[in-house]
Amino acid sequence: MDVKTAQFKRNAEAALADEQIQQSLTRAIHHFDEARDIAIREFTPERWEELRERGRTIKDHTVANLDYYLELLSKRVAEAGGVVHFARDAEEVRQIMLRLARSRGIKSAVKSKSMISEEVGLNHALEEAGVEVTETDLGEYIIQLADETPFHIIAPAMHKSKEQVSDLFVEHLDEPREEGITELAGVARRVLRPKFLAADMGISGANFAVAETGTIVLVTNEGNGSLCTSVPRIHVALMGMEKIVPDIEDMAVFLRLLARAATGQRLSTYTTFITGPRRAEDEDGPEEFHLVIVDNGRSRLLRDAALREALRCIRCGACLNICPVYRKVGGHAYGWVYSGPIGAVVTPVMVGLEEAKDLPFASSLCGACRDVCPVKIDIPHLLLKLRHMIVEEKPSKHKNSPLAERLLIHGYYLTVRDRRTFALAHRAGSIALRAFACGGRVRSFPIPPLSGWTRKRDFPALAPKTFHQIWQERLSKE
Amino acid sequence: MNEDIKASLFVTCLVDQFYPQVGESVVSVLRRQGVRVDFPIDQTCCGQPAFNSGYHTEAKKIARQVLKLLANSEYVVVPSGSCATMLRVFYPELFEDEPEMAEAARELSRRVYEFSEFVVKVLGVTNVGAEASGRVTYHAACHLLRELGVNREPLELLENVDGIEFAPLRGNVACCGFGGTFAVKMASISEAMLEEKLSEIEDTGADTVVACDMSCLMHIGGALSRRRASARTMHLAELLANGKAAADGR
Amino acid sequence: MMAGEEAFKEISQQEFLAGVREALGVTGDRLTPSPHSEPKRESATHGEYVRETQARLASRRMELVEQMDKMATTANWRVRRAIGEEEAIAQIAAIVEEVGAEEVALTDHSVLRRLSLAGELQERGVEVVVATTAEFDSRAAMHEQVNHCKLGITGVDYALAETGSCVLLPRRGVSRVVSLLPEYHLAVVDASQIVENFEELMALRRSSFLDDGKLSSYMSIVTGPSRTGDIEQTIVIGAHGPRQVHMLIVDI
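Computed from a predicted structure; not experimentally measured.

> Would you explain the overall build of chain A in this entry?
Counting secondary structure elements, chain A contains 22 helices and 13 strands. Overall size of chain A, expressed as C-alpha extent along the three principal axes, is 90 × 55 × 45 Å. Within chain A, the fraction of its 478 residues that count as buried is 58%. Long-range pairs, those at least 24 residues apart, make up 72% of the contacts in chain A between residues at least 6 apart in sequence.

Right, here's the structure in full:
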């Protein structure tokens, strides 16, 4: 997928001004909040906390021993008759997939949701090679028709109104216009069913991979994951290398966490455990099973002991739903596959700090994301860490921050390092602000950064006397 | 009473320069409870603007001064959840590569309290005998709520203020959009977040918005003022300094 | 083949893992990590655990049936109960009629076989497709035929009372698609198949894959009808899988 992270601010402004996007966000947020409330009601806070803690512990253990578990997973997949591929980057994933498609004479593929495939731009690569690729998750299908990228990790077409979906279907499909949501879902079912039955290849992601059994676990509500992995003769699953859990019992923890955090369900409708290709005696299932294990920037997260915890992420989308920034600007503003708070953490590391240096600053650090994260990723502190890396870390020391900002921070430091300069600043500031103040407030200030403040907010005038003065004159004597 | 308790006030730069009455209120409330309050005179700012923006070099220099300044304080009381977070949570993180400084920072963090937290947890007081009037709502500032885990304390103190009508805020755990430099770096997003907060405040019909952070209140108040709204903002300490006991005490 | 592609060489597992070790800062030989949770799979104690679990489940049968009924209903299964084979067949026939299915797909599952369901339905004038490859020229032909059926009837292998889910383990005689392709699905649950939750399921399943070292190729946990919320976050029942799901809990 093209990286448009450098334009975050411009993208965000556009989203804020887009009435349709704002409407979609408001509507979606209402549903998210409702769903979360249901999830919260079901568990006592203590039980939920215990579950999150177990999730965190299991993930940390796995990531700390990732080489061991990858090796085990790989061995077990092979024992079950599957083929394991490894890919360091997007290009390697595409090459592996193209080679598989060509050597097996693949003409059509059906896809269940895979974020890795978004990362590497798989659809376009396969299409260029003459393979018809069809997304089958309804949301993914809609954005495939619109040639857009996911707006949300689990609700990719969240930004589309039913009217827009209706228009898209009329434009791209040979079907009569439908207006209602149920009818539109019906159109997708009707159009996609023959694709499932005819496809040579099923492509899926993997919500989890169980090392001890060589099993990948797919979670869907629509049933498209089950169809993609049951009907075509070849199944290829793409997984980020951090998606592993050690034992099958661990799934008890993660299935509960994922369904509740993502959609407020007890369990998603279809949870599918796939271990290798069909056995000789099975009635159906794919003849070949391939697992592509992908790095694509994850080892950079792994390398940094502090950032490593971002690899706990199970892609539930809860942090997006709660984030006051995501709730205003939506997913496209972030400019790459992962949006919201977790996107602001992983994207800069995966695509490069230089490319995405605004993202860690696209947060008020309110910490609501950390509260809802099912694996307790300390997102606000990771954002602070990234801000520091962007501004000061060698070798790019100070290259990533504008000169004006550096001067401002240094000026701030010179002012506050001594209480006498601080007092002086108060006097100078009083005079400066007085020119702009009116009735004890500044309504408009022409110079950044304060000009950004006064667009919609008044700025207070400085107090006639500082607390230092009041203390010395009066309070210290009382 | 708490005559044995000595507390140093870390008043924060914002209160010092813009809202000194908040500092006065804190002193007044604490003294009424018998606390011996001192004010280490060499203080200025906690360094959060630099830290929050990624400038650790500058933040560390300031933090070193603050650590030295407060080294001998029994308790440090801060009328801001965010600045208290800087002292208590972020200093130890800031110095994680310098074991000695990190230890000093951890040691300080055990003595730092946000104002409402100090009154309830350390002094064990939930009723300071305050009196006020009108309809009051409370905005839970993010750092206070989520970094320090202080939620109940300000509400308990508010509950015991005579004469006010409390109107809870619908989205009172959502950020107001301030976020330090975020408010000017990402002004449009910040404004949009604030917009939502304001409509929630409006829905309560409150005439006073109380919080434990002047930064959020400067943000919320700045927009109320721009819109010429009748509601005003007030630090919890100001509300608590009001009333019978205050009059008696002076 | 294109030139670039021929030149492409997949990275080996060894090389990839070396990169991971380097990122982790691990040097030298790696020891097996200590288990992250309590040991639970030494065969001796495991066998005991399985027996305990089975005994506990048997003693709680009625309670579990009630919980299953309740939670499955919450998950949008249309739940019915039957006592004895005769009543079970009558209930199934009623459901077939209710959904208006002229053609019904069946798996060759032991639970259905015990009811002689294929014969019973045929006697009632219902066209029955038993979805096994032995009956068809090709797998594709079988899928096409199942796709034409309005109703798919399957047995289940376990049921989870906590979430109201059915656990399906496709194998010889049991196709994956009977519960997926038709518009309606009927799951026939034997009361003795109900366990409380996923942990118990795994405890019981573990014995079967411990012996031969493998899980079966496919296990599906189904919790209600297929659904989507992808247009305007409005839930629509019946996305790609069945739009209506029935469950018959049979106590024999």
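> Which parts of the structure should I look at to understand the domain arrangement of chain A?
Domain parsing of chain A yields domain 1 (43–296) and domain 2 (404–477). Each of domain 1 of chain A and domain 2 of chain A has a C-alpha centre, and the two are 55 Å apart.

> Just to check I follow, could you spell out the sheet that holds strand 7 (residues 208–211) of chain B for this structure?
The strands making up a sheet are joined through hydrogen bonds of the backbone, oriented either antiparallel or parallel. Residue and element names in this part refer to chain B. One open sheet accounts for four strands, arranged 6-5-7-8; its pairing is parallel. Each edge of the open sheet carries a strand with a single partner, namely strand 6 (162–166) and strand 8 (232–235). Across the sheet, the axes of successive neighbouring strands diverge by a mean angle of 40°, strand direction being ignored. Two strands pair when backbone bridges link them, and strand 5 (residues 131–138) and strand 7 are joined in this way by three bridges, in the parallel orientation. Its bridge partner being in strand 7, Thr137 is matched across the sheet by Val209.

> Which parts of the structure should I look at to understand the sheet that holds strand 9 (residues 270–274) of chain A?
Judged by pairing direction, the sheet is mixed, and its eight strands sit side by side in the order 8(A)-5(A)-6(A)-9(A)-9(C)-6(C)-5(C)-8(C) without closing on themselves. Both outer strands of the open sheet, strand 8 (244–245) of chain A together with strand 8 (194–195) of chain C, are each paired with one neighbouring strand and no more. Across three bridges, the pairing between strand 5 (residues 208–210) of chain A and strand 6 (residues 215–220) of chain A is antiparallel. Counted as the bridge partner of Phe208(A) is Val217(A) from strand 6 of chain A.

> Explanation requested: the interface of chain C and chain A in the structure shown.
Reports of interface size often rely on the accessible area that becomes lost once the parts have come together. Listed per partner, the contact involves 63 residues of chain C and 77 residues of chain A. Contributions of two or more residues to the side of chain C that touches chain A are made by helix 2 (13–24), helix 8 (139–148), helix 9 (198–212), strand 9 (218–222) and strand 10 (227–228) of chain C. With eight residues, the single largest contributor to the side of chain C that touches chain A is helix 2 of chain C. Class assignment of the residues belonging to the side of chain C that touches chain A gives a composition of 25 nonpolar, 23 polar and 15 charged. Sheet topology places strand 9 of chain A next to strand 9 of chain C; five bridges connect them, and they run antiparallel. Opposite Ile274(A), over in strand 9 of chain C, you have Tyr218(C) as the bridge partner.

> For this particular structure, what's the right way to read the confidence of the model for chain C?
Where the model shows low pLDDT, its predicted coordinates should not be examined in detail. The pLDDT averaged across chain C works out to 90; a share of 88% of its residues lies at or above 70. With a pTM of 0.96, the predicted complex shows an ipTM of 0.96.

> In this structure, what is going on with the environment of Leu57(C)? I would like to understand it.
All names here are of chain C. Tracing the chain through its elements places Leu57 in helix 3 (residues 43–59). Once the C-alpha coordinates of Leu57 and Gln193 are considered, the two residues, 136 residues apart in sequence, prove to be 9.3 Å apart. Residues in contact with Leu57, not counting those within four places in the same chain, are Leu64 and Val195.

> What is the right way to look at the environment of Tyr141(A) in this model?
All names here are of chain A. Note on placement: Tyr141 falls in helix 8 (residues 138–146). C-beta crowding within 10 Å serves as the criterion here: with 25 such atoms nearby, Tyr141 is assigned to the buried category. Taking the C-alpha atoms as reference, Tyr141 lies 8.7 Å from Ala157; in sequence the two are 16 residues apart. Ignoring anything within four residues of it in the chain, the contact list for Tyr141 reads Glu135, Thr136, Ala188 and Leu192.

> Looking at this model, I keep getting lost on unusual backbone geometry. Mind explaining?
Both trends apply: most residues other than glycine have a negative phi, and most peptide bonds are in trans. Here the bond from Pro448(A) into Pro449(A) is cis, since omega is 0°, no more than 30 degrees from zero. Looking at where Pro449(A) falls in the secondary structure, it is placed in the loop between strand 12 (441–442) and helix 21 (450–453). Non-glycine residue Arg228(B) carries a positive phi angle of around 55°. Note that Arg228(B) resides in the loop between helix 12 (214–226) and strand 8. Notably, Gln233(C) is not glycine yet its phi reads approximately 55°, a positive angle. Positionally, Gln233(C) belongs in the loop between strand 10 and strand 11 (236–237). Assessed through the 20 C-beta atoms surrounding it within 10 Å, Gln233(C) is described here as buried.

> Help me understand the packing of helix 8 of chain A against helix 9 (residues 162–172) of chain A, please; the structure alone is not making it clear to me.
When two helices pack together, their arrangement is given by the angle between the helix axes and by the axis-to-axis distance. Residues and elements named next belong to chain A. Between helix 8 and helix 9, the least distance of the axes is 10 Å, while the angle of their chain directions is 60°. The pairing of helix 8 with helix 9 is recorded here as oblique in orientation. As for how helix 8 packs across helix 9, the hand of that crossing is left-handed. Contacts between helix 8 and helix 9 involve Ile142, Leu145 and Ala146 on the former and, on the latter, Val165, Leu168 and His172. Class assignment for the residues of the contact of helix 8 with helix 9 results in five nonpolar, one polar and no charged.

> Quick question: what am I supposed to make of the packing of helix 1 (residues 8–17) of chain A against helix 11 (residues 187–204) of chain B here?
For the pair helix 1 of chain A and helix 11 of chain B, interaxial distance at closest approach is 9 Å and the crossing angle is 35°. Together, Ala12(A), Glu13(A) and Leu16(A) of helix 1 of chain A and Ser188(B), Ile189(B) and Ala192(B) of helix 11 of chain B make up the contact between the two elements. Broken down by class, the residue content of the contact of helix 1 of chain A with helix 11 of chain B amounts to four nonpolar, one polar and one charged.

> Whenever I open this one, helix 19 (residues 403–416) of chain A confuses me. Can you help?
Three or four residues apart is the spacing at which side chains of an α-helix point the same way, because the helix has 3.6 residues per turn. Over its 14 residues, helix 19 of chain A runs 20 Å from end to end, which matches the ideal 20 Å to within 8%, given 1.5 Å per residue. Of the residues making up helix 19 of chain A, those classed as buried are Ile409(A), Tyr412(A) and Val416(A). Along the axis of helix 19 of chain A, the buried residues cluster in a sector spanning 55°; they form a single face. Turned more than 90 degrees off the buried face of helix 19 of chain A, the exposed positions are Leu403(A), Ala404(A), Leu407(A) and Gly411(A). Taken together, the buried residues of helix 19 of chain A touch helix 20 (419–434) of chain A together with helix 1 (13–17), helix 3 (48–52) and helix 4 (56–69) of chain B.

> Sorry, what's going on with the environment of Ala237(B) here?
Residues and elements named next belong to chain B. Its location among the elements puts Ala237 in helix 13 (residues 236–241). For Ala237, a count of 30 C-beta atoms within 10 Å puts it in the buried group. When the C-alpha atoms of Ala237 and His143 are compared, they prove to be 18 Å apart, with 94 residues separating the residues in sequence.

Cut-off values and rules
- Residues numbered from 1 in each chain as written.
- Chains lettered and ligands numbered in written order.
- Predicted model: local features only at pLDDT ≥ 70, side-chain atom pairs only at ≥ 80, totals over all residues.
- Helix = DSSP H or I, 4+ residues; strand = E, 2+ residues; numbered from the N terminus.
- Buried ≥ 20, exposed ≤ 12 C-beta atoms within 10 Å, placed from the backbone.
- Contact = placed C-beta atoms within 7 Å.
- Domains from an automatic or database assignment.
- Pairing = 2+ DSSP bridges.
- Axes fitted to C-alpha atoms, helices over the stretch in contact; angles between N-to-C directions.
- Nonpolar A, V, L, I, M, F, W, Y, C, P; charged D, E, K, R; others polar.
- pLDDT = per-residue confidence, 0-100.
- Parallel < 35°, antiparallel > 145°, perpendicular 65-115°, else oblique.
- Left-handed = near helix turned anticlockwise from the far one by under 90°.
- Expected span 1.5 Å × (residues − 1).
- Arc of directions from axis to C-beta.

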